[in-house]
Structures are given as structure tokens and as C-alpha cells.
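Breakdown of the fold
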Amino acid sequence: MLRHAVSLIILISLISCSKKEKSTQKNEESSNTAMTFTNPIFPGDHPDPSILRDGKDFYMVHSSFVYYPGLLIWHSTDLINWEPVGPALTEYVGSVWAPDLVKYEDKYYVYFPADNKNYVVSADNIEGPWSDPVLIDITMIDPGHVVDEQGNRYLYFSSGSYVPLSKDGLTVTGEPKNVYDGWEIPREWSIECFCMEGPKLFKRGDYYYLTVAEGGTAGPATGHMVISARSKSPLGPWENAPHNPILRTASQDERWWSVGHGTVFDDAEGNWYMIFHGYEKDHYNMGRQTMLVPLEWSEDDWYRIPENISINEAIPLPDLENTIEQPFTLDDDFSGNSLKPQWRFFGGVDEERYHFEDDDLVLDGKGNSVADASPMLTVPLDHSYAAQVEMEIGKNAIGGLVLFYNERAFSGILTDGQNILSNLRGWQFPTEENVVESNSVYLRLKNTENIVDMYYSLDGQKWIKTANSFDVSGYHHNVLSGFMSVQIGLCAIGRGQVTLKDFEYIPD
């Protein structure tokens with residue numbers, strides 16, 4: 001499987017030296033320079049993270065909703081630099097939420113809910129191939145896998161209930177049993193709802209630990225939070241941590257809002273961490289971004305975030321070796337005869353809809369508008385950026401470059417091979433008539449802190465700004481629901497074909 005390297009910590013803060021100097025600096029005993037990173041480790045929409053440590057390797061997966069291929073798995077050795085391994089799900093089963101990536105004996109599993117059902121995919125190798133999704137006969141959401149000392153397997157769910165699993169992990173073997181009711185949230189706090197979700201479990205010493213989210217995923221900035229409980233049995237009874245919540249946004253003045261959905265894990269050296277997600281103040285439309293924080297253990301065996309650590313400030317880098325050699329980029333010249341892993345189709349993928357020809361991607365048109373065109377999407381990583389693409393428009397086709405939240409919320413620039421079209425929240429009209437020559441044109445969107453200008457070019461050098469711009473600051477869950485984010489979309493609309501020759505992403 002084709003692999004691409006990624007360095008998603010584009011907001012990394014290095015004090016007095018570069019990341020490349022890390023190994024040299026560690027050998028210089030006289031140096032007091034601190035190496036730090038600044039959250040997020042996955043900028044842009046990477047919600048509900050689940051992480052698996054396999055020896056010295058880390059693997060992560062996120063909710064993929066109706067973007068397919070789904071359940072893209074990432075790999076790292078230092079928790080900061082990540083490379084995509086490949087998707088674990090191609091068959092459409094609905095909107096995929098809150099997965100759990102686990103390894104049992106010598107096999108890998110991803111448990112996930114979709115459209116009020118639960119599924120599991122499995123593989124002998126983390127790189128695949130992955131099995132077709134297997135339906136698990138449970139309607140609760142957010143499965144969390146745990147194994148007891150005898151090798152018995154269980155799935156927890158957001159209700160605080162668990163079910164026993166078969167040895168192969170594909171079948172429920174008993175009725176659900178409720179054993180955990182969560183932590184009582186003070187009534188005076190501003191939250192969206194109690195909404196216990198995302199149970200993640202692990203064992204350390206004599207105790208099993210259960211980590212859950214409460215307070216609602218979105219809504220008020222202070223709502224979402226991380227709660228911890230422990231038990232000497234994976235089946236309870238559970239004792240809540242005396243210092244709950246482990247993590248919570250205390251004020252909307254903070255940078256990170258609605259922080260929660262934590263997973264606790266260790267590295268091969270015995271250090272402990274938590275990954276979680278949160279919305280960024282003033283950039284809510286970027287979705288829930290993945291963050292990392294170190295943990296410490298109290299003398300009475302509770303985990304907590306050290307008092308000198310803030311998720312809103314620079315944090316010491318994990319002392320782990322980076323083996324990712326090439327930085328990842330969203331740029332794509334569409335060579336190689338396969339889609340780069342960052343591309344997903346809204347509403348499902350039809351592999352017969354596209355093919356590669358002379359190192360270009362030829363995409364068959366679909367639908368009659370952006371709303372039903374199932375655009376090809378990728379997640380922007382910055383507050384401000386430019387995205388541009390070269391297109392050749394076939395007969396009876398319209399090509400477009402849009403910022404897309406869902407089928408009801410999108411805007412962008414398009415062309416029918418003759419005219420330049422603007423689309424403002426679904427209102428589409430010619431903005432420059434009879435300017436495209438030979439059906440070939442370059443389109444560009446420039447997003448500056450949520451205000452987006454539109455450009456076109458006939459040669460890729462001279463760019464002409466259209467008269468129309470748009471604002472995407474309101475394209476987010478608290479306005480539109482759906483838990484989505486603003487993504488960059490490439491559209492092929494109609495009965496013809498659109499040829500994509502080059503895509504560039506330029507951070508500002």
C-alpha cells in the first residue's frame with residue numbers, strides 16, 4: 001500500500017533550535033534548551049481520536065462520518081510526526097462515529113458505531129487489507145474494548161453498559177449490563193447535556209481505568225470534559241477519581257473549547273499521556289482537533305495532568321525518536337495511479353467514478369449541483385491558506401473548487417468550461433462570462449481568517465479576483481449541526497468529466 005509521510009504538527013514551537021537538532025542536542029550535556037510543541041498535534045478536523053501503542057509504534061484513527069474511504073489510520077513513533085497508513089473502511093455503512101482501534105493477540109480491530117448500529121473491521125496487518133465491516137448486534141454508541149486477565153473480551157458503550165464478546169471479537173455473547181453512571185456534573189456549570197460518551201479502558205497495576213467524556217461534544221465552551229474512574233475488575237464497580245474532571249475548559253476566554261474524549265496510554269519507556277480533541281476559539285469551523293498532554297500518577301494511583309502543564313501553552317516534547325523522514329503535504333499532482341490518503345468523498349466512494357490518465361485524475365460528473373455532486377474533500381490545516389487546482393472541463397460538465405461543510409452549506413468558484421461561476425451558499429451564477437479558453441482553467445480560493453476570496457487564471461501565473469467573496473465563520477456544528485467541519489472540495493458536476501491536473505495547498 002502506498003504510504004505518505006506526514007508532519008501534522010505544523011504549529012510546533014521549537015525554542016532556539018530546530019526539530020532536526022534534537023538528537024544532537026540530547027548529547028550536549030551543557031545545553032539547557034527546552035524542546036516543546038504546541039497543540040494541536042493533528043490540526044484541522046480530527047475528532048474522537050483513538051490510539052494504539054504497538055511496541056514502539058503508535059497508530060491513531062478518528063471519526064470519519066460520511067467521508068469515504070473512512071477510518072484513516074495514522075502511524076508515528078514520536079507522537080508528534082505522523083504518516084497515513086491507509087483507510088480501514090471503504091464500504092458505506094453510514095456516518096462513522098467514535099471508533100476504537102485495538103490489537104488482540106496478533107490481530108488488529110476497529111470497533112465503531114454508524115447509523116445507530118455497531119460494526120467491526122479487522123486485519124492481520126495494520127496496513128491491511130481490512131475485512132468488510134461485520135455488524136455487531138448492539139444499538140448503543142462509542143464502543144470501547146477491554147480484555148481481562150483471562151483473555152475475555154468486552155465492549156463498553158456510552159451508556160455505561162458493557163457486553164461480552166466472542167474470542168474472535170466479532171459476536172456479542174451476552175446481554176448488556178449497566179455498571180457505570182458517570183460523574184455528577186455541578187448544576188451551576190454551563191454544559192450542553194450530561195451526555196456520557198467515548199469510554200476508553202486500560203489496565204495499570206491493580207486497577208482498570210475507565211475514561212469517559214461528559215457534558216456534550218459541542219455547545220458551550222465549558223461543556224465537554226474528561227472524567228476518570230477505576231475498578232479492580234473490568235466489569236466494575238467503578239470509583240470516580242477524587243479530582244474529576246481531569247480536563248475541562250474553565251472559561252470561553254481560553255484558546256481551546258469543549259475539550260474532551262480522552263484516551264490514556266503509555267509509551268515503551270513507561271511515560272503516560274492522554275490524547276483528546278477540542279474546538280479552537282474563533283476557528284470553530286475547523287472542527288475538533290486532536291491534542292496531546294503528558295500525565296503523571298499520584299501516590300494513590302490516580303492519573304492527572306501535571307500542575308505545570310497547560311494545553312494552551314508550549315509543552316515539553318516526548319523524548320521519543322522520530323522515524324518519519326518526509327513531511328506530508330496536501331499538494332497533489334495526481335500522479336501515481338492512486339488517490340492520496342487525505343482525499344475522501346462525501347457520502348461514499350465509487351471507485352468506478354474516477355481513473356488516472358497521463359498522470360491526471362479524471363473524475364466523472366455526478367448530480368446537478370454542488371449539493372449532490374459528492375465532492376472529493378481534504379481537511380485544511382491552517383487558519384489562513386490558499387487552495388488552487390488546474391481543471392480541464394469536458395462536455396456537459398462543471399468543475400469547481402469549494403469550501404464544503406455539508407450538502408446544505410458550501411460556497412466556492414466553478415466553471416462550465418466557458419464561464420466562471422460563483423456559488424454563494426447554494427446561489428450559483430456566472431460572475432465572469434466567456435473568459436475560459438480551451439476548456440482549461442485554474443481556480444483558487446484564498447481563505448484569510450474565514451473571509452474567502454475567489455480567483456481564476458488561464459495560465460496559472462496571472463490571477464484574476466472575482467467580484468464575489470464569502471464568509472465561512474458560521475459553517476460549524478453549533479449553527480448547522482452534524483459535527484462536520486469546513487473542508488476543501490473538488491467537484492465534478494453533470495454528465496461529463498472533469499480532469500484534475502494539479503492541486504496546491506499554500507499555508508499563510
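Every value quoted in this text rests on a predicted model; they were computed, and no experiment measured them.

Cut-off values and rules
Residues numbered from 1 in each chain as written. Predicted model: local features only at pLDDT ≥ 70, side-chain atom pairs only at ≥ 80, totals over all residues. Heavy atoms only, no water. Phe/Tyr/Trp six-rings, centres within 6.5 Å; stacked < 30°, edge-to-face > 60°. Helix = DSSP H or I, 4+ residues; strand = E, 2+ residues; numbered from the N terminus. Buried < 20%, exposed > 50% of the residue type's maximum accessible area, 1.4 Å probe, protein only. Lys NZ or Arg CZ within 6 Å of the ring centre and 35° of its normal. Polar contact = N/O pair within 3.5 Å; in protein donor to acceptor, adjacent residues only side chain to side chain. Pairing = 2+ DSSP bridges. Axes fitted to C-alpha atoms, helices over the stretch in contact; angles between N-to-C directions. Core = buried A, V, L, I, M, F, W, Y, C linked by side-chain atoms within 4.5 Å. Contact = heavy atoms within 4.5 Å.

**Brief notes about the packing of aromatic side chains**
Enumeration according to the criterion identifies 34 aromatic pairs in this entry. Taking the centre distance of 6.3 Å and the plane angle of 90° together, the rings of Trp74 and Phe328 count as edge-to-face. Of the two residues, Trp74 is situated in strand E5 (residues 70–76) and Phe328 in the loop between strand E24 (315–316) and strand E25 (344–346); the sequence distance between them amounts to 254 residues. Looking at Phe328, the relative accessible area reads 14%, which means it is buried. For the pair Tyr354 and Phe356, a centre-to-centre distance of 6.4 Å together with 90° between the ring planes defines the contact as edge-to-face. The exposure class assigned to Tyr354 is buried, which follows from its relative accessible area of 17%. With relative accessibility at 17%, the residue Phe356 sits in the buried group. Every member of this aromatic cluster is reached through a ring pair, and the members are Phe202, Tyr207, Tyr209, Trp272, Trp297 and Tyr303. Over the ring of Tyr104 we find Arg153; its NZ or CZ atom is 4.1 Å from the centre of that ring. Above the ring of Trp297, the side-chain terminus of Arg204 is found at 3.9 Å from the ring centroid.

**Remarks on the side chain of Thr211**
Note that Thr211 resides in strand E16 (residues 207–214). A distance of 2.7 Å separates a polar atom in the side chain of Thr211 from a polar atom in the side chain of Tyr303.

**Some words on the sheet that holds strand E6 (residues 83–89)**
The strands that make up a sheet pair up through hydrogen bonds in the backbone, lying either parallel or antiparallel. An order of E2-E3-E5-E6 is seen for the four strands of this open sheet, with the pairing classed as antiparallel. Of all strands in the sheet, those with a lone pairing partner are strand E2 (50–54) and E6, marking the two edges. Pairwise comparison of adjacent strand axes, ignoring direction, gives a mean angle of 25° for this sheet. Here E5 pairs with E6 via five bridges, running antiparallel. By the bridge assignment for E6, Leu72 is matched with Pro87.

**With respect to the nonpolar core**
Soluble, globular proteins show a tendency: their nonpolar side chains are buried together. With 81 residues, the main nonpolar core has Phe112, Trp130 and Phe503 as its most contacted residues. The leading source of residues in this core is strand E30 (residues 397–406), at six residues. Beyond its immediate stretch of four places on either side in the chain, Phe503 contacts Leu330, Asp331, Asp332, Phe334, Trp343, Thr378, Ala387, Gln388, Val389, Ile488 and Leu490. If you look at the next biggest cluster of nonpolar residues, it comprises 39 residues, including Leu79, Trp272, Ile275 and Leu292.

**Quick word on the sheet that holds strand E28 (residues 376–378)**
Spatial ordering of the open sheet is given by E4-E25-E28-E37-E30-E31-E32-E33, a layout of eight strands whose pairing is antiparallel. Edge positions in the sheet fall to strand E4 (67–68) and strand E33 (427–432), since each of these pairs with one other strand and no more. Bridging between E30 and strand E31 (residues 409–415) involves seven bridges; their strand directions are antiparallel. Looking at the pairing, Leu403 lines up with Ser411 of E31.

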